[in-house]
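Below, each chain spelled out in residue letters.
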Amino acid sequence: MSEKDTFDRILASLHEAALDDGRWPAASALIDDALGAEGNALVVGADQPGGDVRIFYAGFYYRGERNRELEREYFDDYYARDERIPRLRKLPDSRLVHCGDLYTDEELKSSPSYNEALSRGHTQDSINVRLDGPGGSRIVWVVNDPVGTGGWSSRQIELIRRLLPHVRHYVSVRQALADAGALGSSFDELLAATGCGIIQLDWRGRIRAANDRARELLRAGDGLLDQGGLLCARWPEDDAHLQRLVARALPPYGSPGAAGSMMVRRSGKQPPLKLRVVPAGSREEEFRAWPVAALVFVTHPRSPTRLNRGSVKAAFGLTPAESRVAVLLAEGKTVGQIAAAVGREQSTIRTHVRHIFGKLGITRQVDLVRRMLSMGA
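Only a predicted model underlies this, so the values are computations on that prediction, with no experimental measurement involved.

Conventions we followed
Residues numbered from 1 in each chain as written. Predicted model: local features only at pLDDT ≥ 70, side-chain atom pairs only at ≥ 80, totals over all residues. Heavy atoms only, no water. Axes fitted to C-alpha atoms, helices over the stretch in contact; angles between N-to-C directions. Helix = DSSP H or I, 4+ residues; strand = E, 2+ residues; numbered from the N terminus. Parallel < 35°, antiparallel > 145°, perpendicular 65-115°, else oblique. Contact = heavy atoms within 4.5 Å. Nonpolar A, V, L, I, M, F, W, Y, C, P; charged D, E, K, R; others polar. Salt bridge = Lys/Arg side-chain N within 4 Å of Asp/Glu carboxyl O. 1 Å grid on protein atoms, 1.4 Å probe; cavity = no way out; pocket = protein on both sides within 12 Å on 5 of 7 lines; lining within 4 Å. Points joined across faces, edges and corners; volume = space filled by probe spheres on them.

A. Spatial organisation of the packing of helix 12 (residues 320-330) against helix 14 (residues 346-360). It is at 9 Å that the axes of helix 12 and helix 14 come closest, and there the two elements cross at 90°. The pairing of helix 12 with helix 14 is recorded here as roughly perpendicular in orientation. Within the contact between the two elements, helix 12 uses A321, E322, V325, A326 and L329 and helix 14 uses I349, H352, V353, H355, I356 and K359. Class assignment of the residues belonging to the contact of helix 12 with helix 14 gives a composition of 7 nonpolar, 2 polar and 2 charged.

Have a look at this one:
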């Protein structure tokens, strides 16, 4: 297989992973194989007041297998005293740095983080890079030690550079899905997400697919409409704005896409629609690797149903704690977000989720959402 074919396979896999939670391990394994690396780690967080950092996501993968034990050990025992972290946070966007260059000569001899955690994690000779993420977030990507003892070649370094915008884009799409309450869905379930209207656009800006809520809006033609396969707004000024957003999300070949938001007016006293257009593909390489080029999220015009925990508890025989978790899940929250909201460990929330699913006879969050919204209606 040629290097171009390999790169196209990685791009296609990253695209699938951006739209489907379960696809990142496969994409990560392809990256490891192409780079000849032991593994890679992806961390997403944001700066907090006082210089602290809130970690939203951290995954250490080795040829497609996630090592949660090593993640826990590193963040529990080493992260707070790892000398490279404050230096890594200050790096310019997209600058590649060898791990050893983030430690002083003395620290290379004495640092527990470098000599213990990084040794076990096969990252002492890793390549580290910091990327600016969406909404002021920070992305850290670590490509683990190269396989063998030959060190990093110029070809490997150049491939890492070429992958940077696509890793950034992967995180951006995941964040957009989280904001839309659709995180946790598979690719097929994404279109069934009940949190908002979702429209998929291809590279020509034509509607490729839409979920039920979006189709309802388009059929009504009040605010948004489908004109011969093109997404349009009813009012000329709004439509001009919408087309500019779509053009920004679907730029010419070689240019990065950009997300954007707007309000779309409706007739009479109907409240406006909130619309966000997010690029979901990449024009850096062959476009066929990215069949869905942009995602359009539309807030449903009706106010979301507010679920009462007491009603949920009575209807489904849940405990008070399970009812609270079920309502938050139905509102589109992730396990991590729920844990932060209720002040519990993620493992505790996962236990509640298993009990909820067992009592309701379901296996997916999207089924819970449907059940909850049906009860609310």
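B. Region of interest: the pattern of salt bridges. Following the criterion strictly, the structure yields 17 salt bridges and no others. One salt bridge in this structure joins R155 and E3, with 3.8 Å as the shortest N-O distance. Linking R155 in helix 7 (residues 154-179) with E3 in helix 1 (residues 3-19), this pair joins segments that are 152 residues apart in sequence. D33 is paired through a salt bridge with R63; the nearest N and O atoms lie 3.0 Å apart.

C. Structural detail: the environment of C99. Among the secondary structure elements, C99 is positioned in the loop between strand 4 (97-98) and helix 5 (105-110). For the pair C99 and Y114, spaced 15 residues apart in sequence, the C-alpha to C-alpha distance is 9.0 Å.

D. Layout of empty space enclosed by the protein. Taken as a whole, this structure holds 1 cavity of 30 Å³ or more when the rule is applied. Approximately 410 Å³ is the volume found for the largest cavity. In this structure, the largest cavity is lined by 27 residues; those nearest its centre are V43, Y74, R84, I85 and V140. Elements with a minimum of two residues in the lining of the largest cavity: strand 1 (40-47), strand 2 (53-62), helix 3 (68-78), helix 4 (84-89), helix 6 (112-120) and strand 6 (138-143).

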